[in-house]
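A closer look at the structure
Read off the chains here:
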Amino acid sequence: MISPGNVLQRRPRRLIYGDAVIGSVLLIVVIAAALLSPWLPLPDALSNNLNEMFLPPGSPGAQATHWLGTDQLGRDLLARILSGTRLSLLVVLVAAAIGAVIGVALGMIAGYAGGWVDALIMRLIDIQLAVPFILLILLVIALMGASLTNIIVIMGCTSWAIYARVARAKTLEIRELEYIQAVRAMGFSPLRVLLRHILPNLLTPLVVLLTLDIPRLIVLEASVGFLGMGIQPPTPTLGNLIGEGRSYMLLSQWLVLYPGLVIAALVIGCNLLGDALLRRTHTRLD
């Protein structure tokens, strides 16, 4: 017989698993389709056919059926969305990795060293967080250009502050533990203590933070592309697809609808997975 207490204990676990499953399914479907698209029987994402402009979803074409319709130049929208998803994910994942590496390194140094080093890094974090990300990125892109490398570096170098704050807080907590005091008393170098004994304890909260920060980067990359400051057409990204399609929304709603749904699926999937990991971590700690 199941007591009410057992039901209350099991319900959060079911919610955790449900969110994790839904989020994982959304991410797997979108990412797998994007990665496998070069081998799918789809038209080339850059080839246009002016005889097939603004075909509605499901219309037959000269090369293949346009399952999501065509755009203003007769290009297959499904092929462009999948190609743009690959490029957008590349930008987001590499930028997230750059931001995580910079932030974790600075956060561990601040938390472990303390003193003026900690104060200096914390002031840099405050300055970084005080400047709106989108305005800073637009300013730098306007000065340096909108190449793929520039966009990745700029997004990565403006995303480190949140990782630094989390890493610093955990480092301050971990450095006071007895085994850290023991290895420091044994004469281990600060670099070895950070890499061998502190960094492994930061991985779980940082992975959770990464899954919650990636949706922000997805929306940020799409916003930059929508404003025309990201990767330039005809190379597709999810943001510039919506930017191109907004002029034809009344004529062909699918040009904005389907790229928006892909962005929503990626963001919702990452958020659900991140929330599930976060609650799972708290459940283990409890």
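Residues numbered from 1 in each chain as written. Predicted model: local features only at pLDDT ≥ 70, side-chain atom pairs only at ≥ 80, totals over all residues. Heavy atoms only, no water.

1. Things to note about the overall build of the protein
For clarity, the cut-off: A helix here means a DSSP run of H or I that spans at least four residues, while a strand means a run of E at least two residues long, and both kinds are numbered starting from the N terminus. Three exposure classes are used, based on accessible area relative to the maximum for each residue type with a 1.4 Å probe and protein chains only: buried under 20%, partly exposed in between, and exposed over 50%. Here, two residues are considered to be in contact whenever any of their heavy atoms come within 4.5 Å of each other. Residue-level accessible areas treat just the shown protein chains as cover; the underlying method is Shrake-Rupley with a 1.4 Å probe. Just so you know, the count uses Lys and Arg for positive and Asp and Glu for negative, and it drops His and the chain ends. One atom stands in for each charge, and that atom is NZ of Lys, CZ of Arg, CG of Asp or CD of Glu.
Of regular secondary structure, the protein possesses ten helices and two strands. Taken from the N to the C terminus, the helices and strands of the protein come in the order α-β-β-α-α-α-α-α-α-α-α-α. Principal axes of the C-alpha set define a box for the protein whose edges measure 75 × 65 × 30 Å. Taking all 286 residues of the protein together, 42% fall into the buried category. If you take every contact in the protein between residues at least 6 apart in sequence, the share linking residues at least 24 apart comes to 70%. For the protein, the exposed area adds up to about 15100 Å²; of that, 69% sits on carbon and sulfur atoms. If you average the places of the 20 positive and of the 15 negative side-chain charges in the protein, the two averages end up 9 Å apart.

2. Regarding the nonpolar core
Our working definition: Put simply, a nonpolar core is a bunch of buried Ala, Val, Leu, Ile, Met, Phe, Trp, Tyr and Cys residues held in one set by side-chain atoms that sit within 4.5 Å of each other.
Judged by nonpolar contacts, the single largest core of 38 residues is most densely connected at I81, I137, M155, I218, I263 and L266. Every element with two or more residues in this core is listed here: α1 (4-36), α2 (77-113), α4 (133-144), α5 (148-157), α8 (190-226), α9 (238-245) and α10 (254-285). When residues in this core are grouped by element, the largest group, ten residues, is from α2. Contacts of L266, omitting those with residues within four sequence positions, involve L27, V30, T85, L89, I218 and L238. Listed in part, the 15 residues of the second largest apolar core include V104, I180, V193 and L209.

3. What about the confidence of the model for the protein?
Where the model shows low pLDDT, its predicted coordinates should not be examined in detail. Selection criterion: The quantity known as pLDDT measures the predictor's confidence residue by residue, on a range of 0 to 100.
Predicted confidence across the protein gives a mean pLDDT of 87, with 93% of residues reaching 70 or more. Per-element averaging of pLDDT across the protein places α1 at the bottom with 75 and α2 at the top with 95.

4. Focus on the environment of G239
Mapped onto the fold, G239 is located in helix α9. Setting aside residues no more than four positions away along its own chain, G239 makes contact with A222, G225 and F226.

5. Considering the environment of L278
Along the chain, L278 falls in helix α10. According to the relative accessible area criterion, L278 is partly exposed, its value standing at 31%. On a C-alpha basis, the gap between L278 and T211 in space is 9.6 Å, while along the polypeptide they are 67 residues apart.

6. Comments concerning the UniProt feature "transmembrane region" (unreviewed entry) in the protein
Heads up, the condition is: UniProt positions are given in the numbering used here, feature names are shortened, and annotations may be inferred rather than shown by experiment.
According to UniProt, the feature "transmembrane region" (unreviewed entry) maps to residues 20-40, 87-112 and 251-274 in the numbering used here. Helix and strand shares over residues 20-40 are 81% and 0% respectively, and the end C-alpha atoms of the span are 28 Å apart. Overall, residues 87-112 shows 100% helix and 0% strand. The separation of its end C-alpha atoms is 37 Å.

7. Some points on α4
The line we're drawing: Working rule for helices: expected span equals 1.5 Å times residues minus one. Comment: arc refers to directions from the helix axis out to C-beta atoms.
Taking 1.5 Å of rise per residue, the twelve residues of α4 would be expected to cover 16 Å, and the 16 Å separating its terminal C-alpha atoms lies within 8% of that figure. For α4, the full list of buried residues reads I137, L138 and I141. Burial along α4 is one-sided: seen end-on, the buried residues are contained in an arc of 100°. Structural note: α4 exposes L135 and L143 on the side pointing more than 90 degrees away from its buried face.

8. Brief notes about the side chain of T70
Convention followed: Pairs of N or O atoms are called polar contacts if they sit within 3.5 Å, as long as, within protein, a hydrogen donor faces a hydrogen acceptor (for residues adjacent in sequence, only side-chain-to-side-chain pairs).
Checked against the element boundaries, T70 lands in the loop between β2 (65-66) and α2. A distance of 2.5 Å separates a polar atom in the side chain of T70 from the backbone oxygen of E52.

9. Remarks on unusual backbone geometry
The step from P233 to P234 runs through a cis peptide bond, and the omega angle for that step is 10°. With respect to the secondary-structure elements, P234 resides in the loop between α8 and α9. Located in the positive-phi region is F54, a residue other than glycine, with phi close to 55°. By secondary structure assignment, the location of F54 is in the loop between α1 and β1 (59-60).

10. Some thoughts on the pattern of salt bridges
Worth spelling out the cut-off: A carboxyl oxygen of Asp or Glu within 4 Å of a side-chain nitrogen of Lys or Arg is what we treat as a salt bridge.
Inspection of every chain in the model, using the stated rule, returns ten salt bridges. Note that E176 is salt-bridged to R175, the shortest N-O span being 3.2 Å. Assessed through its relative accessible area of 19%, R175 is described here as buried. The closest approach of N and O atoms between R216 and D213, which form a salt bridge, is 2.8 Å. Of this pair, R216 and D213 both sit in helix α8, three residues apart, roughly one helical turn. Residue classification places R216 among the partly exposed positions, given a relative accessible area of 28%. The buried category is assigned to D213, whose relative accessible area is 6%. Connected via shared salt-bridge partners are D71, R75, R80 and E244.

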